[in-house]
Amino acid sequence: MKHINVSLFVPHLGCPNSCIFCNQKTISGKCGTLTAEEIISAAETAAKTPHDINNSEIAFFGGSFTAIEREKMIFFLQTAKPYIGTYFGGIRISTRPDCINEEILGILKSYGVTAIELGAQSMCADVLIKNERGHTPGDTENAARLIKEYGFSLGLQMMTGLYGSDEEKDRYTAEEFIRLKPDTVRIYPTVVLENTKLEQLYKENIYQPPRLFDSVKLCAELLMRFHENGIKVIRLGLHSGGNVEEGFVAGVYHPAFRELCEGEIYKKIIEEKIAFCEDTDIRVLVASGEISKANGHKGVNREYFRKKGKNIKVLGDSTLGQYNVIII
Ligand code: SF4
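All values reported here derive from a predicted model rather than from experimental measurement.

So, how was this worked out
Residues numbered from 1 in each chain as written. Predicted model: local features only at pLDDT ≥ 70, side-chain atom pairs only at ≥ 80, totals over all residues. Helix = DSSP H or I, 4+ residues; strand = E, 2+ residues; numbered from the N terminus. Rg over C-alpha atoms; globule rule 2.2 N^0.38 Å. Buried ≥ 20, exposed ≤ 12 C-beta atoms within 10 Å, placed from the backbone. Contact = placed C-beta atoms within 7 Å. Expected span 1.5 Å × (residues − 1). Pairing = 2+ DSSP bridges. Axes fitted to C-alpha atoms, helices over the stretch in contact; angles between N-to-C directions. Core = buried A, V, L, I, M, F, W, Y, C linked by C-beta atoms within 7 Å. Arc of directions from axis to C-beta. Near = placed C-beta within 6 Å. Nonpolar A, V, L, I, M, F, W, Y, C, P; charged D, E, K, R; others polar. Parallel < 35°, antiparallel > 145°, perpendicular 65-115°, else oblique. Left-handed = near helix turned anticlockwise from the far one by under 90°.

Trainee: Can you help me understand the overall build of the protein chain in this one?
Mentor: The helix and strand inventory of the protein chain stands at 13 helices and twelve strands. At 21 Å, the protein chain has a C-alpha radius of gyration in line with the 20 Å of a compact globule built from 328 residues. Looking at the protein chain as a whole, 41% of its 328 residues are labelled buried. For the protein chain, the proportion of contacts with a sequence separation of at least 24, taken over those separated by at least 6, is 80%.

Trainee: Looking at this structure, how should I read helix α9 (residues 212–228)?
Mentor: For an α-helix the count is 3.6 residues per turn, leaving residues at separations of three or four pointing the same way. Helix length check: α9, at 17 residues, gives a terminal C-alpha distance of 24 Å against a target of 24 Å (1.5 Å per residue), a fit within 8%. Every buried residue of α9 is accounted for by Ser215, Val216, Leu218, Cys219, Ala220, Leu222, Leu223 and Phe226. Buried residues belonging to α9 abut β5 (153–160), α7 (167–180), β6 (184–189), β8 (232–236) and α11 (257–273). Directly beyond the C-terminal end of α9, a positive phi value near 70 degrees is found at Gly230.

Trainee: Before we go on, may I ask you to explain the sheet that holds strand β1 (residues 5–9) in this structure?
Mentor: By way of backbone hydrogen bonds, the strands of a sheet pair with one another, either parallel or antiparallel. Spatially, β1-β2-β3-β4-β5-β6-β8 is the arrangement adopted by the seven strands of the open sheet, whose pairing is parallel. Bordering the open sheet on either side are β1 and β8, each of which pairs with just one other strand. Between one strand and the next, the sheet's axes are offset by a mean angle of 20 degrees, whatever the strand orientation. The pairing of β6 with β8 spans four bridges and is classified as parallel. In the sheet register, Arg186 faces β8, and the bridge partner there is Arg235.

Trainee: For this particular structure, what's the right way to read the nonpolar core?
Mentor: Within soluble globular proteins, side chains that are nonpolar generally end up buried alongside one another. Ranked by size, the top nonpolar core spans 82 residues in total, and within it Leu8, Ile58, Ala80, Cys219 and Cys261 carry the most contacts. Top contributing element to this core by residue count: α9, with seven residues. Sequence-distant contacts of Ala80, defined by excluding residues within four places in its chain, comprise Ile39, Ala43, Ile58 and Ile91.

Trainee: Before we go on, may I ask you to explain helix α6 (residues 137–149) in this structure?
Mentor: With 13 residues, α6 extends 18 Å from end C-alpha to end C-alpha; this agrees with the ideal 18 Å at 1.5 Å per step. Those residues of α6 lying buried are Thr140, Ala143, Ala144 and Ile147. Axial view of α6: buried residues confined to an arc of 100 degrees, hence all on one face. For α6, the exposed residues set more than 90 degrees away from the buried face come down to Gly138 and Glu149. Looking at the buried side of α6, the elements it contacts are α4 (102–110), β4 (113–121), β5 and α7.

Trainee: I tried to follow the site of the ligand on my own but got confused; where do I start?
Mentor: Around the ligand sit eleven residues in total, of which Cys15, Asn17, Cys19, Cys22 and Arg96 are the nearest. A class-by-class count of the residues in the shell around the ligand yields three nonpolar, seven polar and one charged.

Trainee: How should I be thinking about the packing of helix α2 (residues 36–48) against helix α3 (residues 70–80) in this particular structure?
Mentor: Running from N to C, α2 and α3 point in directions that differ by 30 degrees, and their axes come no closer than 9 Å. For the element pair α2 / α3, the angle class is roughly parallel. Handedness of the α2/α3 crossing: right-handed. Mapping the contact onto sequence places Ala36, Ile39, Ile40 and Ala43 in α2 and Phe76, Thr79 and Ala80 in α3. Each residue belonging to the contact of α2 with α3 can be placed in one class, and the counts come to six nonpolar, one polar and no charged.

Trainee: It is not clear to me how the sheet that holds strand β11 (residues 311–317) should be interpreted in this structure. Could you clarify?
Mentor: With respect to topology, three strands assemble into an open sheet ordered β11-β10-β12, the strand pairing being mixed. Sheet topology places β11 and β12 (326–327) at the edges, where each strand pairs with a single neighbour.

Trainee: What is the right way to read unusual backbone geometry from this model?
Mentor: With phi around 60 degrees, Asn195 is a residue other than glycine that occupies positive phi space. Mapping Asn195 onto the fold places it in the loop between β7 (191–193) and α8 (197–203). Unusually for a residue other than glycine, Asn205 sits at a positive phi of about 65 degrees. Mapped onto the elements, Asn205 comes out in the loop between α8 and α9.

Trainee: Sorry, what's going on with the environment of Asn142 here?
Mentor: Following the sequence through the fold, Asn142 ends up in helix α6. You can call Asn142 partly exposed: it has 15 C-beta atoms within 10 Å. In the structure, Asn142 is positioned 140 residues away from Ile282 in sequence and 50 Å away in space, judged by C-alpha atoms.

Written as structure tokens, this is what we have:
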């Protein structure tokens, strides 16, 4: 049965910070507060659709949920709670690493929160300072440990290509995440948005976001590292919609970004496997649901190998797992 996520945005509400890349109004496509009517209406609409209760959630995204004024935060949770256990398995929230402590976790637990995502963004202190994040890698480490101790599902979010970062630092962040053993990860290549300090740095030629080609290569590598360590990457690249297009200035924002990265992973695996193969017509077996990924976005991998004198035909095999490739 279907998995449903009721996504409710709490844009910039309660966030004590002003990170140089953030324009929450642009990201969430909405500014202002969230009302009880909006929460109830979204939950009831979703409740009418047949779905798997245990795998469905009410999610508060877009700001720093636990930094919201206490009364208001509890009001949001109280409004959502009656739907937990009846229509949804739990509540998911996202927040900053320095806005987690034992008291807050106790409150979240009592209202049915089951998953907490931390906007860690980088595990390099210098990158966090340059981006005016206002927290340290140590804050992320402590918050992650507490969240796990309290039995919540832990999610970590990272950004690649931040001001002051580079590929080595982004790899380091991913490895630090792996060490913290999150249940889920989100990876967002940095996008320059209108009305941010990052836009200013970009216009002054002080900051250049990485190119799409380089971001795909790096994020494919990170995706594979998380996969090898049994960590689910639940998002790769910003969602389309939500007015990002309107506020977009520069950076990697591609509607099929994940597909591009997964295609890159298959290209690399196939290339290694056929390195010593002299045949020109090659049949490639992958998991049944992975055929289009192995062919690459719009068939780009087939074309890549064709230019190298190899005609590849990708076939599905239901016994294979993700990223398993057999050449026949
Ligand atoms: S902590 Fe999050 S919501 Fe607050 S300014 Fe930074 S990115 Fe925006």
